[in-house]
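Reading the structure
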Amino acid sequence: MANPSVALLMPNFNALNPAKRKAFLLEIDKVMPAGTIVLLDGKSMPQIAALANLRLILFSHGNEVGDTLRMGLAAAMELGADKMVTFEDYSPSNSNWFLPFLDAGNVIESKKRGFAEMIVTEITNVLSFCNAYNGFSMNRIFTREAAAVIKETKLKGKAFFVESNGALNAKGIKTTEIIKSERKQTKNKVGVKDAIGSIAKSLNRSSILFGLFNSIAYMANLSVVYASLSLGWFYPLAVVIGGEVNTLSNFIMNEKINFKNRGFLSSVYRLGKFNALTLVPIAFDILFIGYLSRYTDLLGKSLFTDISIVSIMVVSLVSFFVVTKIMWVKENHIRIQV
């Protein structure tokens, strides 16, 4: 028999009761070609005599979700599969979700996010420079290229798929996310351990350097503002000069050292874009402090200076998240709303 081009990976499938297993496999059997490989982790093979097109195979499995899925991806690759499909759930309605997307490369079919999922996904997006909508969705299609990367990782836990986004993004492997607004919000709860683990494992060389370079640029900004105010300079001028020092040092270190973007003209264009984005919070800060300065006598010079510094810090933090998502997010993750 020819090697299959698609392998359906079903960890924990044998935990379902026999009636639900049969209903799910019968739905897939109707639409898949003869010889389609279905990889199951478990100790016993479900006995369903009516299957005409599916070939059921057991594979070794681990104690952790990540271990099991890596073993399944490795087994599928050994069987010659070009695409590996996983499932959010084993309901008959979800049995053929992947059919319209088999030609689209790596795919995530997303559902509406819960609050905890949103928070964890967005933080990991910032740390891994990705832009996933729902990293927790398990309705996925992996190419051999993606499977080869993931099976060599040590990702574990229920948040395996959140972490795998970062692993693929770091390698420049593209993923298409199909966001379906009609899909119901997940009922799965994200535990504290899984959330912390996913966020921590999103850190990579680029994110560590990014944090370091931003800290250096930020300290330069504060130093310039403090020095300017100590010399009695006009506050807006001090903030603009400090902001420009922050912008130039931040951009040059990240553009050329961290992300290694080449080309003079493209970098000049990106610097202009970066500078425009950072000027918005600077302008807001100047307007806020200008308004606050009307009450300098009431607040006192010391308190006024403290509020000014806190304002700079808050605005810089907001600017950090906004600019990171607009300027430094990689173009590897394509989101499509349907």
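Refer to the preceding data block for the structure.
Please read these numbers as outputs of a predicted model, since none were measured by experiment. (Residues numbered from 1 in each chain as written. Predicted model: local features only at pLDDT ≥ 70, side-chain atom pairs only at ≥ 80, totals over all residues. Heavy atoms only, no water.)

**Description of the nonpolar core**
If you look at the biggest cluster of nonpolar residues, it comprises 25 residues, and the most contacted ones within it are Leu 8, Met 10, Leu 25, Val 85, Phe 87 and Phe 98. Residue assignment for this core shows that the elements contributing at least two residues are strand S1 (6-10), helix H1 (18-31), strand S2 (36-41) and strand S3 (54-59). Discounting chain neighbours no more than four positions away, the residues touching Leu 25 are Met 10, Phe 13, Val 38, Ile 48, Leu 51, Leu 54 and Leu 56. Judged by nonpolar contacts, the second largest core, of 24 residues, contains Phe 59, Met 77, Ile 150 and Phe 161. (Core = buried A, V, L, I, M, F, W, Y, C linked by side-chain atoms within 4.5 Å. Buried < 20%, exposed > 50% of the residue type's maximum accessible area, 1.4 Å probe, protein only. Helix = DSSP H or I, 4+ residues; strand = E, 2+ residues; numbered from the N terminus. Contact = heavy atoms within 4.5 Å.)

**Comments concerning the packing of helix H7 (residues 205-230) against helix H8 (residues 235-258)**
One can describe the packing of H7 onto H8 by two numbers: an axis separation of 8 Å at closest approach and a directional angle of 160 degrees. Here H7 lies roughly antiparallel to H8, going by the angle between them. Considering the relative orientation of H7 and H8, their crossing is right-handed. A breakdown of the residues in the contact of H7 with H8 according to their chemical character gives 17 nonpolar, 11 polar and one charged. (Axes fitted to C-alpha atoms, helices over the stretch in contact; angles between N-to-C directions. Parallel < 35°, antiparallel > 145°, perpendicular 65-115°, else oblique. Left-handed = near helix turned anticlockwise from the far one by under 90°. Nonpolar A, V, L, I, M, F, W, Y, C, P; charged D, E, K, R; others polar.)

**Concerning unusual backbone geometry**
Not every positive phi belongs to a glycine, and Phe 129 is a case in point at roughly 60 degrees. Inspection of the secondary structure puts Phe 129 in the loop between helix H3 (115-128) and strand S6 (140-143).

**A word on the environment of Trp 233**
Mapped onto the elements of the fold, Trp 233 is located in the loop between H7 and H8. Trp 233 sits in the partly exposed class, given a relative accessible area of 39%. With 92 residues separating them in the primary sequence, Trp 233 and Ile 141 have C-alpha atoms 59 Å apart. Those residues in contact with Trp 233 that sit more than four places away from it in its chain are Ser 228 and Ile 241.

**Section: the pairing of S6**
Neither face of S6 is left uncovered, since the one carrying Arg 140 and Phe 142 and the one carrying Ile 141 and Thr 143 both have all their residues buried. Two strands pair when backbone bridges link them, and strand S4 (residues 83-86) and S6 are joined in this way by four bridges, in the antiparallel orientation. Looking at S6, one finds that Met 84 is bridged to Phe 142. Relative to S6, strand S5 (residues 107-110) is paired through two bridges, and the arrangement is antiparallel. Bridged to Val 107 within S6 is Ile 141. (Pairing = 2+ DSSP bridges.)

**Here's the deal with the pattern of salt bridges**
One pass over the full model with this rule turns up seven salt bridges. Arg 70 is the partner of Asp 67 in a salt bridge, and the nearest nitrogen-oxygen pair spans 2.4 Å. With a gap of three residues between them, Asp 67 and Arg 70 both fall in helix H2 (residues 65-78), about one helical turn apart. For Asp 67, a relative accessible area of 18% puts it in the buried group. Judged by relative accessible area, Arg 70 falls into the buried class, the value being 10%. The partner of Lys 180 in a salt bridge is Glu 109, and the shortest N-O contact between them spans 3.1 Å. In this pair, Lys 180 sits in the loop between strand S7 (175-179) and helix H6 (192-201) while Glu 109 sits in strand S5, placing the two residues 71 residues apart along the sequence. (Salt bridge = Lys/Arg side-chain N within 4 Å of Asp/Glu carboxyl O.)

**Describing H2**
For H2, which comprises 14 residues, the first-to-last C-alpha distance of 20 Å matches the rise-based estimate of 20 Å (1.5 Å per residue) to within 8%. Burial analysis of H2 places 10 of its 14 residues in the buried class, the great majority of the element. Those residues of H2 not exposed but buried are Gly 66, Asp 67, Thr 68, Leu 69, Arg 70, Gly 72, Leu 73, Ala 75, Ala 76 and Met 77. (Expected span 1.5 Å × (residues − 1).)

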